[in-house]
Amino acid sequence: MVKQLKNGLGSVFSPWRNVFNHSCESLPRRYELDWLRVLAFGLLIFYHTGMLYSQSWGFHFKSQYLSSGVENAMLLLSPWRMGLIWFISGVALRFIAARLSFWDFLVSRSILILLPLLVGIWFVVPVQLYAQMSQESGLTLNYWQFYQAFFDLSHPIFKNYSAGIWPHVDVNHLWYLRSLWQFTLLLVLILPLLHLSKVQALITYLCEQSLLIIFIVLLLPLCALKLSWPSDTFRYPMGALFLLYGYLLAWQPVFYNQLLRCWRVLLGLFIVGYLLVVAGYHIIWQNPASSQWQITSMDMLYTTQRLLGVVLMLALAQRFLNRNHPILSKLNGAVFPFYILHQSVIIALAFWFTPMQLGVIIEPLAIISLTFMICWFFYEVISGFDVLCPLFGIKPSGQYSRKLRFYARLIGFGIISPLMLVLLI
């Protein structure tokens, strides 16, 4: 009976087992994408600092020095910054799937993503809610009093802040981790289809066409999504689509070679697109009298700039970043803790600096520089203790027995199980 059950399960999961753990197919590490990953997450510090000063864009906390001019600079990054991160995530999943078994992939990715998310929503993100409630509703509690109340899921002070994974316990900027885990599961479901020989042949054939044709084929699904999906939740299907693009194009050298040859053209088009986006933003999106066709046209322009920004960054990385460096490994290890900590550090500093009235130049410079220093300090401290490393997505430096690694993984999986159930329902 047990043997029959085992054989039955084996036949059910055989299409997935054929996809995973084919290390012989893996390609050399793409250092340019490692650099791009570091730069993309580093830019989040500048972008989220800019959100403090944006006059028209909502954020958890706002500086007293608001300006619409900062939005022009942020429009340089806004269309493509998350698309690039999602694309790189898809490439990473392609390489990871090639060297792990099916179950190792699911368990290790779940722990790597959800354990830092769990730590983040309970111990890192709350300071953002404290600053937001202090500014919006005149919260009079000190932070320690607030934090004690935070663990009471039915506390009345949070009645107007109820959206979250659990009541008032929200992901804030960590929504990427939540969606990354969910999208990874969806991707795993369709992997046997994606690895069909005909599908792979079609992707290879597409990459052999001109870059214009490739761009149009990648753009059409994005435009269709933008036209049919509500704007306030569009970032989710957009992220899933870029993740899929990254996975499918990860092992297509012809595609990257085409980007390398055309990087100057892409840069010129991107500059023109940026100027048009800024003009359209002020003339159309900021104008209540704009007609629907104008708004739709602007949406399509912005979507085009989104994809153009991603392919340009990939092309520039091919041209200027395709090399290893001794510091790259350390910077890559710092990406997760920087991402988890940075927005809470930014908002905490802004909240602390507000009564000081430092001025429109000194305040943002102080926030940016101190955010980098504080995040790096915490990274150095955390990475020095292997027991803390998994809590922030850092690979422990010590060598441990297979048995100890198994028990550590079992404990980690048990800790994240309640969160998994919530995210799956």
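Our subject is the structure listed above.
Here's what I pulled together on the structure shown here. Here the structure is a predicted model, which is why all the values come from computation and not from measurement.

Under the counting rule described, the total for this entry stands at 38 aromatic pairs. Ring centres of F146 and F158 lie 5.7 Å apart, and the angle between their planes is 65°; this geometry places the pair in the edge-to-face category. Here F146 is found in helix α7 (residues 143-150), whereas its partner F158 is found in the loop between α7 and α8 (175-194), with 12 residues between them in sequence. Of the two residues examined, F146 and F158, each falls in the buried class. Through a chain of ring-to-ring contacts, three or more aromatic side chains come together here, namely F61, W122, Y130, Y143, F146, Y147, F150, F151, F158, W166 and F351. When the ring centre of Y47 is taken as reference, the NZ or CZ atom of R81 above it lies at 3.8 Å.

With that settled, the discussion passes to the packing of helix α4 (residues 81-99) against α8. With their axes 12 Å apart at the nearest point, α4 and α8 run at an angle of 45° to one another. Relative to α8, the element α4 lies oblique. Where α4 crosses over α8, the handedness of that crossing is right-handed. In contact with M82, I85, W86, S89 and L93 of α4, α8 contributes W175, Y176, S179, L180, F183, T184 and L187. When the residues that make up the contact of α4 with α8 are grouped by side-chain class, the tally is 9 nonpolar, 3 polar and no charged.

A complete count under the given rule lists 1 cavity of 30 Å³ or more for this structure. Quantified by volume, the largest cavity comes out at close to 40 Å³. In terms of lining, the largest cavity is formed by F87, L218, F242, Y245, L249, F255, L307, V310, V311 and L314. At 4 residues, helix α14 (residues 292-320) tops the list of elements feeding residues into the lining of the largest cavity.

Position of L191 relative to the elements: it lies in helix α8. Residue L191 is classed as buried on the basis of its relative accessible area of 1%. Taking C-alpha positions, L191 is 9.9 Å from N18, a pair spaced 173 residues apart along the chain. Here L191 is in contact with V19, F20 and Y247, once residues within four sequence places are set aside.

Tallying each qualifying case throughout the model produces 4 salt bridges. Across the salt bridge formed by D34 and R29, the nearest N and O atoms sit 2.6 Å from each other. Here D34 falls in the buried class, since its relative accessible area comes to 9%. Of the residues examined, R29 reaches a relative accessible area of 56% and is grouped as exposed.

One pass over the structure, following the stated rule, counts 0 disulfides. Just so you know, C207 is unpaired, no disulfide at all, and the nearest cysteine sulfur is the one on C262, 13 Å from it. With a relative accessible area of 1%, C207 lands in the buried category. When its relative accessible area of 24% is taken as the criterion, C262 is described as partly exposed.

Analysis parameters
Residues numbered from 1 in each chain as written. Predicted model: local features only at pLDDT ≥ 70, side-chain atom pairs only at ≥ 80, totals over all residues. Heavy atoms only, no water. Phe/Tyr/Trp six-rings, centres within 6.5 Å; stacked < 30°, edge-to-face > 60°. Helix = DSSP H or I, 4+ residues; strand = E, 2+ residues; numbered from the N terminus. Buried < 20%, exposed > 50% of the residue type's maximum accessible area, 1.4 Å probe, protein only. Lys NZ or Arg CZ within 6 Å of the ring centre and 35° of its normal. Axes fitted to C-alpha atoms, helices over the stretch in contact; angles between N-to-C directions. Parallel < 35°, antiparallel > 145°, perpendicular 65-115°, else oblique. Left-handed = near helix turned anticlockwise from the far one by under 90°. Contact = heavy atoms within 4.5 Å. Nonpolar A, V, L, I, M, F, W, Y, C, P; charged D, E, K, R; others polar. 1 Å grid on protein atoms, 1.4 Å probe; cavity = no way out; pocket = protein on both sides within 12 Å on 5 of 7 lines; lining within 4 Å. Points joined across faces, edges and corners; volume = space filled by probe spheres on them. Salt bridge = Lys/Arg side-chain N within 4 Å of Asp/Glu carboxyl O. Disulfide = S-S within 2.5 Å.

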